[in-house]
Amino acid sequence: MPQFLTASSQTPEELATHFSSFWDSFLEWGKSYLPRLVAAIVILLVGWYLVKWICRSVKKAMSRGKTDAGVTSFVNSALKICLWIVLLLVVAAQLGLQINSIIAALGAAAVAIALAVKDSLSNVASGILIIITKPFKVGDYIEIVYKIELMFTTLITADNKNVILPNSRVSANNVVNYTAQETRRLDLNFSIGYNDDIQQAKGILQRLIDQDPRVVRREESIIGVFSQDESGVTLALKVWCNTSDYWDLHYALEEQVKLAFDQAGITIPYPQMDVHLVP
């Protein structure tokens, strides 16, 4: 593109001639380059819409095919990145840039970038590993898995907070999946006083679990003395239930045991200290 010429000694006529020459050169450059620029903008806008449409269509198709939600979000994330790279290369070509040179430069920089972002590449590899091995899926309660993307896994806590973890951390650490199995064991402890009847308290616990349809009968329930503590005796109650009923049964038994113990006159001890005064 032509540049302005400056000379303090030029006459107004010479300045006008230079400006006219510059303006003609600018118009000539605009006529040759402006269509490319407009075409590049149109390609970018249309391509942006197509990327969104393709990603949305692939996501719907995978959902209709009952593909695991984690695989769907991972594939959608990777597809979006690839499509944007292709779109930007097409736009660069339309602007007259040498694509071969750009690709060569990207290839030469790839090694340096790989060393600089090795943790990110580890996240990608770990994400692929998570998709293949499936230690959990979207919807599982580890805290609840919301989505698995190319580099990150998003969890939702019980109080609705988003926790975004690099995939490398997810795959490198222990993962406790609370909903992977159909049934879970519910472990509860209840304390009674030393003067209370242990057999009576165990009978109340047995009656309560016998009456609750959420308790899985095919698995053995356990009721026994867990420990003898400073202030009382702790009874352990271990019952099995469907994973979806875990918390409902937990809350129900805590309430029902308290009410039943109160009705039977069984005390629930609290920490206390006996002080003996020596005269």
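Look above for the structure.
A brief look at the structure comes next. Keep in mind the model is a prediction, meaning the values are calculated, not measured. (Residues numbered from 1 in each chain as written. Predicted model: local features only at pLDDT ≥ 70, side-chain atom pairs only at ≥ 80, totals over all residues. Heavy atoms only, no water.)

Among the surface-exposed residues, Lys-52, Arg-56, Lys-59, Lys-60, Arg-64 and Lys-80 lie close enough to one another that they form a single positively charged patch. Ranked by the residues each element gives to the positive patch, the list is headed by helix H1 (residues 12-64), at five residues. With a relative accessible area of 49%, Lys-60 lands in the partly exposed category. (Patch = residues over 30% accessible without salt bridge, like charges linked within 9 Å, V, L, I, M, F, W, Y side chains within 5 Å. Areas by Shrake-Rupley, 256 points an atom, 1.4 Å probe, with all protein chains shown as cover. Salt bridge = Lys/Arg side-chain N within 4 Å of Asp/Glu carboxyl O. Lys, Arg positive; Asp, Glu negative; His and termini not counted. Charge placed at Lys NZ, Arg CZ, Asp CG, Glu CD. Helix = DSSP H or I, 4+ residues; strand = E, 2+ residues; numbered from the N terminus. Buried < 20%, exposed > 50% of the residue type's maximum accessible area, 1.4 Å probe, protein only.)

Aromatic ring pairs are described here by two measures, namely the spacing of the ring centres and the angle between the planes. All chains considered together, the criterion is met by two aromatic pairs. Aromatic rings pair up to connect Tyr-246, Trp-247 and Tyr-251 into one cluster. Positioned above the aromatic ring of Tyr-246, the side-chain terminus of Arg-184 is 3.7 Å from the ring centre. (Phe/Tyr/Trp six-rings, centres within 6.5 Å; stacked < 30°, edge-to-face > 60°. Lys NZ or Arg CZ within 6 Å of the ring centre and 35° of its normal.)

Another point: the sheet that holds strand S6 (residues 233-242). Strand order in the open sheet made by the three strands is S4-S6-S5, with antiparallel pairing throughout. Both edges of this open sheet fall to strand S4 (183-192) and strand S5 (222-228), since each of them pairs with a single strand only. Taken pair by pair, the neighbouring strands of this sheet meet at an average axis angle of 25°, ignoring direction. When S5 meets S6, the two strands line up antiparallel, connected through six bridges. Each bridged residue has a counterpart across the sheet, and for Gly-224 the counterpart in S6 is Ala-236. Its contacts with the sheet put helix H6 (residues 198-211) on S4, S5 and S6, and the angle it makes with S6 is roughly 15°. (Pairing = 2+ DSSP bridges. Axes fitted to C-alpha atoms, helices over the stretch in contact; angles between N-to-C directions. Contact = heavy atoms within 4.5 Å.)

A few words now on the side chain of His-250. Relative to the elements of secondary structure, His-250 occurs in helix H7 (residues 246-264). Among all residues touching His-250, those that are not within four sequence positions of it are Leu-186 and Leu-188.

In globular proteins that are soluble, nonpolar side chains generally tend to be buried together. By size, the foremost hydrophobic cluster in this structure holds 23 residues, and its most contacted members are Val-239, Leu-253 and Phe-261. In terms of residue count, H7 provides more of this core than any other element does, six residues in total. Contact partners of Leu-253, with chain neighbours within four places excluded, come to Leu-186, Leu-188, Phe-190, Leu-208, Ile-209, Leu-237 and Val-239. Grouped together as the second largest cluster of nonpolar side chains are five residues, Ala-40, Val-51, Leu-87 and Val-91 included. (Core = buried A, V, L, I, M, F, W, Y, C linked by side-chain atoms within 4.5 Å.)

To continue, consider the pattern of salt bridges. On inspection of all chains with the given rule, the structure shows four salt bridges. A salt bridge links Lys-238 to Asp-187, with the nearest nitrogen and oxygen atoms 3.6 Å apart. With a gap of 51 residues between them, Lys-238 in strand S6 and Asp-187 in strand S4 connect regions that are remote in the sequence. The salt bridge partner of Asp-212 is Arg-214, with a shortest N-O separation of 3.0 Å. The exposure class of Asp-212 is buried, given its relative accessible area of 5%. We classify Arg-214 as partly exposed; its relative accessible area is 26%.

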